[in-house]
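Remarks on the overall topology
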Amino acid sequence: MRDYCIRIAEPADLDGARVVMLDTVYRDFGTGYVPRWHGDIIDPAAAYLLPARHTLLVAVDQSDGSVVATAALDSRGPACPPNPRDVAERFPSGETAQLRRVYVRPEHRRRGLARRLVDALVAFAEADGGYRSAYLHTDPAVPGAEGFWRSCAKVVHDEREDPGGGQQIVHFEIPLGR
């Protein structure tokens, strides 16, 4: 059985975190790197380590020291467009902890890493004291993503139910202070 360490990313972890993130957007999302969506992946230090109230967590495989999972949080609410107006209004920047880049390498999935990372992000947001809610969105076409998020968050908007289907994205909230 493998042992994992969940921790705030250190500068030495950034290359490994970037690889996990890029592999995910190419393999699982099929989009590859898209600058307007994935700029934080190229410079995670600027996006998550330097700004106050932001964080990047990693799961490190203790057997070899490799980064096998990531999870990030920032204080930017969802923008409209591309997100629906009601979602953007419900989760304003500064008051919203947005969960991002919760990615686990396929060979390390189903071991509780995503849940541990999300719990740590929620604890970080609660300790901050300035966030009133935690928000995230997911593409339900990614295997396992929708089921995982439904197990720990509540759906606040499912674009598949919109006229025309929107972007087919499902938006979630995780209550703080749970």
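I will try to describe carefully the structure that is included in this document.

What counts and what doesn't
- Think of each chain on its own: its residues are numbered from 1, step by step along the sequence as written.
- Confidence filtering applies because this is a predicted model: local features only for residues at pLDDT of at least 70, side-chain atom pairs given and counted only at 80 or more, and all residues used for totals across whole chains, interfaces and linings.
- Heavy atoms from the whole structure form the basis of all side-chain values; hydrogens and water molecules are not counted.
- The numbering of helices and of strands both runs from the N terminus, where a helix is a DSSP run of H or I of at least 4 residues and a strand a run of E of at least 2.
- Our radius of gyration is a C-alpha quantity, and the globule rule it is checked against amounts to 2.2 Å times the number of residues to the power 0.38.
- By definition in these notes, contact holds between two residues if any of their heavy atoms fall within 4.5 Å.
- Only the protein chains shown count as covering a residue, and every accessible area follows the Shrake-Rupley method with a 1.4 Å probe.
- What makes a nonpolar core is a set of buried Ala, Val, Leu, Ile, Met, Phe, Trp, Tyr and Cys residues whose side-chain atoms join them at distances within 4.5 Å.
- Throughout this description, buried means an accessible area under 20% of the type-specific maximum (1.4 Å probe, protein chains only), exposed means over 50%, and partly exposed covers the range between.
- Under the convention used throughout, the expected extent of a helix is 1.5 Å for every residue step, that is, one less than its residue count.
- By construction, the arc corresponds to the directions joining the helix axis to the C-beta atoms.
- Every case where a carboxyl oxygen of Asp or Glu lies within 4 Å of a side-chain nitrogen of Lys or Arg is listed as a salt bridge.
- Nitrogen and oxygen atoms within 3.5 Å of one another constitute a polar contact, given that in protein one can donate a hydrogen and the other can accept it, and given that sequence-neighbouring residues count only through two side-chain atoms.
- Orientation is described by lines fitted to C-alpha atoms, with helices fitted over the stretch in contact, and by angles between N-to-C directions that extend from 0 to 180 degrees.
- Any angle that falls under 35 degrees is termed roughly parallel, while one over 145 is termed roughly antiparallel, one within 65 to 115 roughly perpendicular, and all others oblique.
- The nonpolar class holds Ala, Val, Leu, Ile, Met, Phe, Trp, Tyr, Cys and Pro. Asp, Glu, Lys and Arg form the charged class, and all remaining residues, Gly among them, are polar.
- Note on pairing: DSSP must find at least two bridges between two strands before they are called paired.

With that settled, consider the overall build of the chain. Along the backbone of the chain there are 6 helices and 7 strands. Start at the N end of the chain and walk to the C end: the helices and strands fall as β-α-α-α-β-β-α-β-α-β-α-β-β. At 15 Å, the chain has a C-alpha radius of gyration in line with the 16 Å of a compact globule built from 178 residues. By principal-axis analysis of the C-alpha atoms, the chain measures approximately 50 × 35 × 30 Å. Across the chain, contacts joining residues at least 24 apart in sequence account for 65% of those joining residues at least 6 apart. Element-wise, carbon and sulfur atoms account for 52% of the exposed surface of the chain, whose accessible area totals about 8700 Å².

This paragraph deals with the nonpolar core. Leu73, Leu99, Val102, Val118, Leu121, Trp149 and Ile174 are the most contacted members of the largest nonpolar core, which has 29 residues in total. Listed by contribution, the elements that provide at least two residues to this core are β2 (55–61), β3 (66–74), β4 (96–104), α5 (113–128), β5 (133–138), α6 (145–152) and β7 (170–174). The greatest single-element share of this core, amounting to 7 residues, is contributed by α5. Excluding anything up to four places from it in sequence, Val102 contacts Thr70, Ala71, Ala114, Val118, Leu121 and Trp149.

To continue, consider helix α1 (residues 14–27). Between its first and last C-alpha, α1 extends 20 Å over 14 residues, near the 20 Å set by a 1.5 Å rise per residue. Turning to α1, its buried residues are Leu14, Ala17, Val20, Met21, Thr24 and Val25. Down the axis of α1, the buried side of the element spans an arc of 125°, and every buried residue falls inside it. Structural note: α1 exposes Asp15 and Tyr26 on the side pointing more than 90 degrees away from its buried face.

The full count for this structure, using the stated rule, is 18 salt bridges. Note that Arg18 is salt-bridged to Asp15, the shortest N-O span being 2.7 Å. Taken together, the positions of Arg18 and Asp15, both in helix α1 and 3 residues apart, correspond to about one turn of that helix. Of the charged contacts in the structure, one is a salt bridge between Asp28 and Arg27, with a shortest N-O distance of 3.0 Å.

This part is about the environment of Asp128. Inspection of the secondary structure puts Asp128 in helix α5. Of the polar contacts made by the side chain of Asp128, one reaches the side chain of Arg53; its length is 3.1 Å.

Put simply, α1 and helix α2 (residues 35–42) touch, their axes get as near as 9 Å, and they point 155° apart. Judged by the inter-axis angle, α1 sits roughly antiparallel to α2. Contacts between α1 and α2 involve Arg18, Met21, Leu22 and Val25 on the former and, on the latter, His38, Ile41 and Ile42. Here the residues of the contact of α1 with α2 are counted per class, giving 5 nonpolar, 1 polar and 1 charged.

As for its placement among the helices and strands, Asp74 is situated in strand β3. If we skip the residues at most four places from it in the chain, Asp74 touches Tyr48, His54, Thr96, Ala97, Gln98, Arg100 and Tyr131. Within the structure, Asp74 has its side chain in polar contact with the side chain of Arg76 (distance 2.5 Å).

Turning to the sheet that holds β2, a few remarks are in order. Sheet architecture is open: 7 strands sit in the order β1-β2-β3-β4-β5-β7-β6, paired in mixed fashion. On the outer flanks of this sheet lie β1 (4–8) and β6 (154–158), each paired with one strand and no other. On average, adjacent strands in this sheet sit at an angle of 25° to one another, irrespective of strand direction. Both β2 and β3 contribute to a ladder of 7 bridges, which runs antiparallel. Across the sheet, Val60 pairs through a bridge with Val67, a residue of β3. Along the sheet, α5 makes contact with β1, β2, β3, β4 and β7, crossing β3 at roughly 35°. Along the sheet, α6 contacts β4, β5, β6 and β7; its crossing angle with β7, the most-contacted strand, is approximately 30°.

Treat this as a map of the structure, not an account of what it does.
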